[in-house]
Amino acid sequence: MLQDHAKTLTMWEGYVDWRNRPAMTGCHGGVVAASFVLVVEILENLAYLANASNLVLYLSKIMNFSPSASANIVTNFMGTSFLLGLLGGFLSDACLTTYYIYLISAAIEFMGLLMLTFQARIPSLRPSICASVNRNTSCNEAGRGQAAMLFGGLYLVALGVGGIKGSLPAHGAEQFDENSPQGRKHRSTFFNYYIFCLSCGALIAVTLVVWVEDNKGWQWGFGISTVAILSSIAIFLLGSGTYRIKVPKGSPFTTIFKVLVAAFCNSLFPKNSISNVLDTRKSPQNTTEISQEEEGHGEWKEEIQTEMNDQKFIDKSTMDKAAYPSLHCTVKQVEEVKIVVKILPIFMSTVMLNCCLAQLSTFSIQQAATMNTYIGALKVPPASLPIFPVIFTMILAPVYNHIIIPFARAATKSEMGITHLQRIGTGLFLSIVAMAVAALVEMKRKRVAAQSGLMNSTEPLPITFLWVALQYLFLGSADLFSLAGLMEFFFTEAPLSMRSLATAVSWASLAMGYYLSSVIVSIVNHITGRFQRTPWLYGSNLNHYHLERFYWLMCILSGLNFLHYLLWATRYKYRSTEPDDQRDKNDNTPSEAQL
């Protein structure tokens, strides 16, 4: 009986279990294993967004930073968190696994949250509260020791979040067999519900936890986040016996770096003429250079070579007489780098959108804090505004996966139905609308403040904060289309050996957007300060800001970025138009071996 059972089991080649033993089909991977990941993501995103969504108010009201300084601190913190996702992806591929990277990163985030909890709990670790509304009167900001503890805790959290974002989505996707149609469908569904679980965590964060922070104290809010991340570690470990864990085989960054350095060195120090650059279509030498893993890729290489025959610089890395033999690159490595170069313009076009999204965590919350936040008898914390796009995302994500996509496939008779680039483009267009709406709402808010004589008052303005919810709704919808589209675009278009970093690259777009927001705020203040008495975004009173002008500027920049995106998107040719199952047959070798 046991022998018959053993014969039916197969080994996942290239995968092990958490004890470093061979992973077995029927025992490791699948929907159950991925379900643990989805639950963990709810708790992880809760812990992160519970603080990030309300952090700007903590910095301005508790730590006494100015509104613009608080906004920049938040955008730098969030940008660093997402950018460090690349580090998490790199380490997962290069030396560790997604399993251990998650555990290490979650432990680091736990330590950072502990520091922030203690600082919020102990009065001597933070400055005295300042209630001045005079734009020319500065409050006593945090001292050196207090600031060191604040930024130490924040960036430990950022390091932990980055590692988790770079490892957890890939760990979940690795639980499915991409060589079977059912596995690929489950993997696609996983990514869709990963966005859904992000929203579930965000919903709890911007409602329950934010309410606790505003009404019971910040130490309780940080404490809830600390317990959440600790609970996520326990649940992740609980699923250890079900996971299949990919064995690290070196980072794709190493391949990219090697190819680019080889091309550069061969350009400066050629040992032979450019005619010796290998032709991936005709050179017989390819058959000896291409490993067994590369067999079966002939048609794909020919297609890529035809589409990218103008990338002569990268082609130089395959010269048969290279300047340095140690930098010799195979045809497969070169073609993979070409694909990465090809999709970079699409990636860069999404940065401006994420720059707009950064405003939801900064100025938008500060706007709402000056307004009437009551809905009937219920007082809603300003940082709970993201509840509107979060609920919309939670509804739209399943509808998109189970209704819209099947209908689009039937209507267009195509494999994707709605292409990745169409989803990204929809998000970029919605960001333009969102910034225009934000500017109009700010004009209305300031007009009410002037008419009510409350320009220099801390009293709530007689205008409901639900006006600000409009920009949240548009930007939240834009985020759903763009982030989900970008993740799927990178995962399907990137070479097979580089897919583990696909989600990390998507987070990097968010990071660059947050950094760009800080840069734009600084540039705007610098330029406007030279031509006016005070900069647009200066002082401690938001009513004296020219925030509506800033939003109009963002709207114009978003429009220009959309035109830039259309330029590249209309010229882009998908890597393959074959059905997923046929393309995977071409791109993969069998991954199972009988015991």
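Below or above, wherever it landed, is the structure these notes cover.

Rules used throughout
Residues numbered from 1 in each chain as written. Predicted model: local features only at pLDDT ≥ 70, side-chain atom pairs only at ≥ 80, totals over all residues. Heavy atoms only, no water. Helix = DSSP H or I, 4+ residues; strand = E, 2+ residues; numbered from the N terminus. Buried < 20%, exposed > 50% of the residue type's maximum accessible area, 1.4 Å probe, protein only. Contact = heavy atoms within 4.5 Å. Areas by Shrake-Rupley, 256 points an atom, 1.4 Å probe, with all protein chains shown as cover. Axes fitted to C-alpha atoms, helices over the stretch in contact; angles between N-to-C directions. Parallel < 35°, antiparallel > 145°, perpendicular 65-115°, else oblique. Left-handed = near helix turned anticlockwise from the far one by under 90°. Nonpolar A, V, L, I, M, F, W, Y, C, P; charged D, E, K, R; others polar. Phe/Tyr/Trp six-rings, centres within 6.5 Å; stacked < 30°, edge-to-face > 60°. Lys NZ or Arg CZ within 6 Å of the ring centre and 35° of its normal. Polar contact = N/O pair within 3.5 Å; in protein donor to acceptor, adjacent residues only side chain to side chain. Core = buried A, V, L, I, M, F, W, Y, C linked by side-chain atoms within 4.5 Å. Pairing = 2+ DSSP bridges. Salt bridge = Lys/Arg side-chain N within 4 Å of Asp/Glu carboxyl O. Patch = residues over 30% accessible without salt bridge, like charges linked within 9 Å, V, L, I, M, F, W, Y side chains within 5 Å.

## With respect to the overall build of the protein
On a plain count of helices and strands, the protein comes out with 22 helices and eight strands. Considering the protein as a whole, with its 595 residues, one finds that 56% of them fall into the buried category. Across the protein, the fraction of contacts at a sequence separation of at least 24, relative to all contacts at a separation of at least 6, is 83%. About 25700 Å² of surface is accessible on the protein, with carbon and sulfur atoms providing 65% of the total.

## Observations regarding the packing of helix H8 (residues 181-215) against helix H17 (residues 387-412)
Contact geometry for H8 and H17: axes closest at 9 Å, N-to-C directions at 160°. Compared by their axis directions, H8 and H17 come out roughly antiparallel. The two elements H8 and H17 cross, and the hand of that crossing is left-handed. In contact with Thr189, Asn192, Tyr193, Ile195, Phe196, Ser199, Cys200, Ala202, Leu203, Val206 and Thr207 of H8, H17 contributes Ile387, Val390, Ile391, Thr393, Met394, Ala397, Pro398, Tyr400, Asn401 and His402. Residues of the contact of H8 with H17, tallied by class, amount to 14 nonpolar, seven polar and no charged.

## Quick look at unusual backbone geometry
Even without being glycine, asparagine 20 reaches a positive phi, approximately 70°. Mapped onto the secondary structure, asparagine 20 falls in the loop between strand S1 (10-16) and strand S2 (22-24).

## Here we look at the packing of aromatic side chains
Enumeration according to the criterion identifies 20 aromatic pairs in this entry. Pairing tyrosine 99 with phenylalanine 236 gives two aromatic rings, centres 5.4 Å apart and planes at 35°, and the pair type is tilted. Of this pair, tyrosine 99 sits in helix H6 (residues 98-121) while phenylalanine 236 sits in helix H9 (residues 218-238); the two residues are 137 residues apart in sequence, bridging distant segments of the chain. Owing to a relative accessible area of 2%, tyrosine 99 belongs among the buried residues under this scheme. Ring geometry for tyrosine 193 versus phenylalanine 196: centroids 5.7 Å apart, planes at 65°, classification edge-to-face. Of this pair, tyrosine 193 and phenylalanine 196 both sit in helix H8, three residues apart, which is roughly one turn of that helix. The aromatic ring of tryptophan 568 is capped on one face by arginine 571, whose charged end is 5.5 Å from the ring centroid.

## A few points about the side chain of threonine 117
Within the fold, threonine 117 resides in helix H6. You can call threonine 117 buried: its relative accessible area is 16%. A polar contact is formed between the side chain of threonine 117 and the backbone oxygen of phenylalanine 222, at a distance of 3.5 Å. In this view, threonine 117 contacts Gln219, Phe222, Gly223 and Thr226; residues no more than four positions away in its chain are not counted.

## Observations concerning the nonpolar core
Formed by 136 residues in total, the largest nonpolar core has its most connected members in Tyr58, Phe363 and Phe550. The greatest single-element share of this core, amounting to 14 residues, is contributed by helix H18 (residues 420-451). Grouped together as the second largest cluster of nonpolar side chains are eight residues, Ile256, Val334, Val337 and Val340 included.

## Some details on the pairing of S1
The pairing of S1 with S2 spans two bridges and is classified as antiparallel. The residue bridging methionine 11 from the neighbouring strand is methionine 24, located in S2. As defined by bridge partners, S1 adjoins strand S3 (residues 245-246) across two bridges and the pair is classed as antiparallel. Looking at the pairing, valine 16 lines up with isoleucine 245 of S3.

## Looking at the pattern of salt bridges
By the definition in use, this model includes five salt bridges. Close ionic contact of glutamate 548 with lysine 446 constitutes a salt bridge, the shortest N to O distance being 3.5 Å. A residue pair is termed long-range when its members are at least 10 positions apart, and glutamate 548 in helix H21 (residues 547-569) and lysine 446 in helix H18 qualify at 102 residues. Looking at lysine 446, the relative accessible area reads 15%, which means it is buried.

## A closer look at a nonpolar patch on the surface
On the surface, Ile375, Phe388, Phe392, Leu466 and Leu473 cluster together into a nonpolar patch covering about 380 Å² of accessible area. One can find leucine 473 in helix H19 (residues 466-493).

## Notes on the side chain of serine 225
Within the element layout of this structure, serine 225 appears in helix H9. Setting aside residues no more than four positions away along its own chain, serine 225 makes contact with Leu46, Ala47, Ala50, Asn51 and Leu113.

## Digging into the environment of glycine 153
When you line up the elements, glycine 153 lands in helix H7 (residues 144-173). When the C-alpha atoms of glycine 153 and leucine 116 are compared, they prove to be 5.6 Å apart, with 37 residues separating the residues in sequence. Not counting the four nearest positions on each side in its chain, glycine 153 is found in contact with Gly112, Met115 and Leu116.

## Some thoughts on the environment of leucine 46
Looking at the element boundaries, leucine 46 is found in helix H2 (residues 31-52). Taking the relative accessible area as the measure of exposure, leucine 46 reaches 6% and is therefore buried. Taking C-alpha positions, leucine 46 is 5.1 Å from alanine 205, a pair spaced 159 residues apart along the chain. Once residues within four sequence positions are removed from consideration, leucine 46 is found in contact with Gly201, Ile204, Ala205, Val209, Ile224, Ser225 and Ala228.

## Some points on the packing of helix H14 (residues 331-349) against H19
Put simply, H14 and H19 touch, their axes get as near as 11 Å, and they point 170° apart. Looking at the two axes, H14 sits roughly antiparallel to H19. Contacts between H14 and H19 involve Ile339, Ile343, Ile346 and Phe347 on the former and, on the latter, Phe489, Phe490 and Glu493. Looking at the contact of H14 with H19 residue by residue, the classes come out as six nonpolar, no polar and one charged.

## Side note on helix H3 (residues 55-62)
With seven of eight residues buried, H3 is to be regarded as a mostly interior element. Every buried residue of H3 is accounted for by Leu55, Val56, Leu57, Tyr58, Leu59, Ser60 and Ile62. Residues of H3 that are buried in the fold lie against H2, helix H4 (67-83), H6, H7, H9 and helix H16 (363-369). Phi for asparagine 64, located one or two positions after H3, is positive at around 65°.

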